[in-house]
Amino acid sequence: MSHQLKEFHLHKKPFKQPVRTLIADYVKHHAQQTPDQEAVVFGEQRLTYAELNDRVILCAKALLSIGIQKGDRVAVLCTSRPEYWITFLAATAIGAVWLGLNPKYQLQEIRYVIDDAQPKVLFAMAGFEGRSYIDTVCALQAEYPFIEHTVSITETLPDTQSWADFMDLAVSIDDRDLKQRQAQVEAMDPALLVYTSGSTGKPKGALLSHYGLCFGSEVGSRHLALRQPRILCHFPINHVACVADTCCVNLVAGGTIIFQERFDPAQVLHAIDHERLTLVGGVPTMLLMLLEHPNFNATDFSSVELIAWGGAALPVSTIKRLQKLAPRLMNVYGMTETAANTTYTSPEADLIELSETIGRPSPYMPCRIINPEGQLCAPGEQGELQFKGEYLLLEYLNRPEATRDVYTEDGWLHTGDLGYWR
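These numbers were taken from a predicted model, which means no experiment stands behind them. (Residues numbered from 1 in each chain as written. Predicted model: local features only at pLDDT ≥ 70, side-chain atom pairs only at ≥ 80, totals over all residues. Heavy atoms only, no water.)

## Describing the sheet that holds strand E22 (residues 413-419)
Reasoning step 1: The strand order across the open sheet built from three strands is E19-E20-E22, with neighbouring strands paired in antiparallel fashion. Pairing within the sheet leaves two strands with one partner each, and these edge strands are strand E19 (367-370) and E22. Strand after strand, the sheet turns through a mean of 35° between neighbouring axes, direction not considered.
Reasoning step 2: When strand E20 (residues 383-387) meets E22, the two strands line up antiparallel, connected through four bridges. Paired with Gly383 across the strands is Gly419, a residue of E22. (Pairing = 2+ DSSP bridges. Helix = DSSP H or I, 4+ residues; strand = E, 2+ residues; numbered from the N terminus. Axes fitted to C-alpha atoms, helices over the stretch in contact; angles between N-to-C directions.)

## Considerations on the pairing of E19
Reasoning step 1: Going residue by residue along E19, you find Cys367 and Ile369 tucked away on one face and Arg368 and Ile370 tucked away on the opposite face as well.
Reasoning step 2: Bridge count for E19 against E20 is four bridges, and the pairing is antiparallel. Following the sheet pairing, Ile370 is matched in E20 by Glu384. (Buried < 20%, exposed > 50% of the residue type's maximum accessible area, 1.4 Å probe, protein only.)

## Observations concerning the nonpolar core
Reasoning step 1: Formed by 146 residues in total, the largest nonpolar core has its most connected members in Leu63, Tyr84, Trp85, Phe88, Trp98 and Phe123.
Reasoning step 2: Considering every element that reaches this core, the biggest residue donor is helix H9 (residues 240-252), with ten residues.
Reasoning step 3: In this structure Trp98 touches Val74, Val76, Tyr84, Thr87, Phe88, Ala91, Thr92, Ala191, Leu192, Leu193, Ile237 and Val243, once residues within four positions along its chain are discounted. (Core = buried A, V, L, I, M, F, W, Y, C linked by side-chain atoms within 4.5 Å. Contact = heavy atoms within 4.5 Å.)

## Considering the packing of aromatic side chains
Reasoning step 1: Tallied over the entire structure, the rule returns 13 aromatic pairs.
Reasoning step 2: A ring pair is formed by Phe88 and Trp98, whose centres lie 5.6 Å apart and whose planes are at 90°; its orientation type is edge-to-face. Within this pair, whereas Phe88 is found in helix H3 (residues 82-93), its partner Trp98 is found in strand E4 (residues 97-101), the two being separated by ten residues in sequence.
Reasoning step 3: A residue is classified by how much of its surface remains accessible, and Phe88, at 0% relative accessible area, is buried. (Phe/Tyr/Trp six-rings, centres within 6.5 Å; stacked < 30°, edge-to-face > 60°.)

## Observations concerning the sheet that holds strand E11 (residues 204-209)
Strand pairs in the sheet, formed through backbone hydrogen bonds, run parallel or antiparallel to each other.
Reasoning step 1: With respect to topology, eight strands assemble into an open sheet ordered E9-E8-E5-E3-E4-E10-E11-E21, the strand pairing being mixed. Looking at the sheet topology across the chains shown, the edges are occupied by strand E9 (161-162) and strand E21 (395-396).
Reasoning step 2: With four bridges connecting them, strand E5 (residues 121-124) and strand E8 (residues 149-152) associate as parallel partners. Looking across to E8, one finds that Leu122 is bridged to Thr150.
Reasoning step 3: Running over the sheet, H3 touches strand E3 (73-77), E4, E5 and strand E10 (190-196) and is turned about 155° from E4.
Reasoning step 4: Sitting on the sheet, helix H4 (residues 107-117) touches E3, E4 and E10, and the angle it makes with E4 is about 170°.

Here it is, written out as C-alpha cells:
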C-alpha cells in the first residue's frame, strides 16, 4: 500500500450513496435501459436483461406465495448457475436473506450452517459430477422442521417441488402484492448471509446489507472501469467472491455473466476465446493454471481489457507474461466482512506495485493501519488494516459478542490482516 503515490482519478464523479437502493433494482434498471443486452450465459442458455428481470419477478412472487417474510432466510445448494443468481435477486428483492451452500460441503458442514441460519426454504440440485444430494436433502428435511419448503433446481428430489412447478406459483401473486413488499425493504436491511471461519473458530454468518452490496459494487465497478463487462463466474456460491465481487459488480455495470459450474482451465480458455471476455479474474493459482494449460497458446485474448487477481501475490515473471495478454492488470484486496474489495492497484501500476503491494485503499473507503498500542502506523511500520463505513457487515448472525469485538469503539472494522504504508 502507498500513500505517497499520487491519487488516481476514477472515470465517474465521487459519490456518497449508491445509485440504487436495493441490489435487485439494478436488474429492473438494465431491463428498462438495455433490455436486449445479454445478462446471463450458461452453456446454450442465454438470457437478456429483460428475460432475467421477468424470471426474477416470477421467482419473487413464488417466494411470496409460499409465505416468505422479510428477514426469512432462503438457502440454495447448487453450483454457479443461473438458478443461483435468480433466487438471490428474487429473495433479496422481497427482503429475504439469501444463503449459498457449497456443493462440496459434507453433510455435517451443511448441518452446521442450516442449524445456525434456520432457512425457511431450501433450493437444491439433485447431484453434480457423480455426487448425489438425495440423502443430504432428505436428512435436512427430516431433521429441521423450520425448512417448510424444498425446491429441486435440476432433477426432482424426493418430497420436493420441481423448479418449474415452484415458478408456476407466481400466478397467485399480483404485481401490487410484490410492489407492496418491495416498498418495505430498506437499504440497510440484510440481503446476504456468508459464512466465514476467519483464522480460528467455527464459521460465523456475516450479514451483509443491500447498501453494502450496492455501494461496494459501484466502487468496484468504478475501479474496474469496464463498460458492460463480460466476465466468467465459476466461484462457489457460498463465497463473497462469487456473489459480491463477481456477480454484483458485473450487475451494477450492466454486463454479462458467463456461468461455469466449477473452475476448469480448458473451459475458461474456451470462454475467453468464444465469449469474448473483457475481464479475466481469479486467485493466482487459477491464472497460473491458465498460463500452463496446453490450450493457452491457441487462445485469443484480444477481447480482454483487464486481468485482476487477489488473495495472494504473483511473481514478477508471471506478471510479465500477463502484461502481454491485456492492457491493464490489477491486484485487489477485500474480505467477506467488507462486502467488497477495498484496495486496488492503480491503472498505471508498475511491476513492483503489482507484485509487492495490494495497491491503495479506494478513496471511497477510509482505511487506517494501527499498531499494537492503538496508534496510527508511520510509513514502513507494520500494523492491522482497519476500514470504516456503512457498507461493512451489519453483524454476525446469532453472535452479538463477535459483532461487538470485530469493531473498535470508534467504529473501525478489525480485519486481522497486517500491512504497512510504503
